[in-house]
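The chain contents come next:
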Amino acid sequence: MGPNLWANFGEAVSMILFCIGFANLLLHKNLIKKIIGLNIMDSSIYLFLALKGYIAGHTVPIVVDGVQSVDAYINPIPSGLVLTGIVVSVSVTALMLSLTIRLYRRYQTLDLDEISKRLKKEGL
Amino acid sequence: MKKLTNKLLNWLNAEDTSVFDNAMELKMQEPKEEKEETVEQRMRDRLHIKDEVYSESETKEVKVLRIIYRTLAIILCAFIAYNLLIAVSWLPRTGEFDKPVNNEVSARYIEKGLQETGAVNIVTGMILDYRAFDTFGESNVLNIATITVLILLRRNKKKLPNEIEEKENDRLLEPKNDVILQKAATFLVPAIFLFGIYVILNGHLSPGGGFSGGAIIGAGLILYVSAFGFEKTEKFFTEKTQKVISLSALLFYCLAKSYSFFTGANELESHIPLGKAGAILSSGLILPLNICVGLVVAVTMYTFYCMFRKGEF
């Protein structure tokens, strides 16, 4: 272990959240719960990026009173990256949920194991 | 003769049922009642199908394999978590200024952003001026997601007659004339729309911008639909509205930003004034681009809701 684990406890929490989401993906058979797990992973990445841009004692990157110094504002780039991530996450979630609806209409179940068994039986 | 053929045609098209009067006994169908034996028989058949046809019965091997899979998955996740935590423990301390993330790129955005883009909000100036191509891609991602959801979930109108009943059922299930919801929506929806428009128009001056403002307006539209039903929204929002708004917003974004990139790359003089920093009408193209992004996001949110709820607008 390195020296900065306690100082970086926010990042540590985001990494643990990431692994919880990944475990959700692996352990649950229900498709909706898998999608929830993927969203938890997304959120943990936003937390990580936001913490990487944070500088103690600096304010939000909105110019006030004409002060344009690096010592006054936090890093604006991770905020933009989080914005991109949120948009992609919304699109991917909508796409996955609509595919899940189609699968449910076809097989009347959300259980992924059962769906794959039936697919095998149908010879697909 | 003509009367008779008319009657015959009517009978063939099943328009006139008067020929059946007194000739047939019409009776409402009674709801199907099931005896306990038949229910038991049905459940047994279901189990039989499950075991024999789909072979879904739990054998011992399947159970053992499942336990092995679960333990391996948990061990894998714990291993990944341990490695990530080690990596985090070697990262520079949170909140420190001297770390590689704070390099000359962010320094340039902070020090020259106001003069080069005209936006007081540095993040908006960054995503809609320096990195406008990236934001254009994001808007396109949203539009493509809308198109795929439309492909997957839109109901085929000509397909089956019993789908009309289903649609009517959805309309019946709507909370029509729910007084509490409608009264609340009467106050809330205009306020939500106003707030969303404020957030979009002040995107270059204060926190906010096209994405958050568009999401707020989309939420207002969804509240309006849940309170007053689809009959009200059909008057101003149909499939055509969605197409026209999102495509024209994307086209305007593309053309405006192409002009700006072309003049910037060839060191030509741009005819877009930056204006006085801090005013609403300032910072060049950022305000119209924010409006475009907001329109795309609002339309996308509402389309997702309609598709998931009903399969049509």
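Residues numbered from 1 in each chain as written. Chains lettered and ligands numbered in written order. Predicted model: local features only at pLDDT ≥ 70, side-chain atom pairs only at ≥ 80, totals over all residues.

**Digging into the overall build of chain B**
Operational definition: Strands are runs of DSSP state E lasting at least 2 residues, helices are runs of H or I lasting at least 4, and numbering of each runs from the N terminus. Comment: burial labels come from other C-beta atoms within 10 Å of the residue's own C-beta, placed from the backbone, where a count of 20 or more is buried, 12 or fewer is exposed, and between is partly exposed. For the purpose of contact definition, each residue receives a C-beta atom placed from its backbone, and two residues are in contact when these atoms lie within 7 Å.
Of regular secondary structure, chain B possesses 12 helices and zero strands. Helices and strands in chain B line up, N terminus first, as α-α-α-α-α-α-α-α-α-α-α-α. The proportion of buried residues among the 313 residues of chain B is 25%. A sequence separation of at least 24 residues applies to 72% of the contacts in chain B between residues at least 6 apart.

**Quick word on the overall build of chain A**
Of the regular secondary structure elements, chain A holds four helices and zero strands. In chain A, the succession of α and β elements from N to C terminus is α-α-α-α. Among the 124 residues that make up chain A, the fraction classed as buried is 28%. Of all intrachain contacts in chain A linking residues separated by at least 6 positions in sequence, the fraction that spans at least 24 positions is 51%.

**Overview of the interface of chain A and chain B**
Here is the rule we go by: Under the scheme applied here, ten amino acids are nonpolar (Ala, Val, Leu, Ile, Met, Phe, Trp, Tyr, Cys and Pro), four are charged (Asp, Glu, Lys and Arg), and all others, including Gly, are polar.
Taken together, the contacts link 49 residues of chain A with 49 residues of chain B. Broken down by secondary-structure element, the contributors of at least two residues to the side of chain A that touches chain B are α1 (9–27), α2 (31–53), α3 (77–107) and α4 (112–121) of chain A. With 15 residues, the top contributor of residues to the side of chain A that touches chain B is α3 of chain A. Across the side of chain A that touches chain B, the residue classes tally to 32 nonpolar, 11 polar and six charged.

**Regarding unusual backbone geometry**
Residues and elements named next belong to chain A. Phi angles above zero are rare outside glycine, and Gln 108 is one such case at about 60 degrees. Counting through the fold element by element, Gln 108 comes out in the loop between α3 and α4. Among the residues examined, Gln 108 registers 9 C-beta atoms within 10 Å and is labelled exposed.

**Focus on the packing of helix α6 (residues 132–153) of chain B against helix α12 (residues 286–309) of chain B**
Think of two packed helices as two axes; the pair is described by the angle between the axes and how far apart they sit. All names here are of chain B. The following threshold applies: The angle between two axes is taken between their N-to-C directions and runs from 0 to 180 degrees, where each axis is a line fitted to C-alpha atoms and a helix contributes only its stretch in contact. With respect to orientation, any angle under 35 degrees is reported as roughly parallel, any angle over 145 as roughly antiparallel, any angle of 65 to 115 as roughly perpendicular, and every other angle as oblique. By convention, the crossing between two helices is left-handed when the near helix turns anticlockwise from the far helix through less than a right angle, and right-handed when the turn is clockwise.
α12 packs onto α6 with a crossing angle of 20 degrees between their chain directions and a minimal axis gap of 10 Å. One element, α6, and the other, α12, form an angle in the roughly parallel class. For the pair α6 and α12, the crossing hand works out as left-handed. Between α6 and α12, the contacting residues are Ala 132, Thr 135, Ser 139, Leu 142, Asn 143, Thr 146, Val 149, Leu 150 and Leu 153 on the first element and Leu 289, Val 293, Val 296, Val 297, Thr 300, Thr 303, Phe 304, Met 307 and Phe 308 on the second. Taken together, the residues of the contact of α6 with α12 break down into 12 nonpolar, six polar and no charged.

**Describing the environment of Val 90 of chain A**
For Val 90 of chain A, the location among the structural elements is in helix α3. Along the primary structure Val 90 of chain A and Ala 50 of chain A are separated by 40 residues, whereas in three dimensions their C-alpha atoms are 18 Å apart.

**Let's talk about the nonpolar core**
Filter applied, for reference: Throughout this description, the term nonpolar core refers to a group of buried Ala, Val, Leu, Ile, Met, Phe, Trp, Tyr and Cys residues whose C-beta atoms join them within 7 Å.
Ranked by internal contacts, the top residues of the largest apolar core, which has 55 residues, are Leu 289, Cys 292, Val 296 and Ala 298 of chain B. When near neighbours in sequence (up to four residues on either side) are disregarded, Leu 289 of chain B contacts Leu 128, Ala 132, Tyr 253 and Ala 256 of chain B. Membership of the second largest hydrophobic core comes to eight residues, among which are Phe 22 and Ala 23 of chain A together with Cys 77 and Val 88 of chain B.

**Focus: the confidence of the model for chain B**
Close inspection of predicted coordinates is inappropriate for parts of the model with low pLDDT. All names here are of chain B. To keep it simple, the criterion reads: Here pLDDT means the predictor's own confidence in every residue, given as a number from 0 to 100.
This prediction gives chain B a mean pLDDT of 82; 85% of its residues lie at or above 70. Taking the mean pLDDT of every element in chain B, the minimum, 57, falls on helix α7 (residues 162–173) and the maximum, 92, on helix α8 (residues 179–201). The ipTM value of the predicted complex is 0.88, and its pTM value is 0.79.

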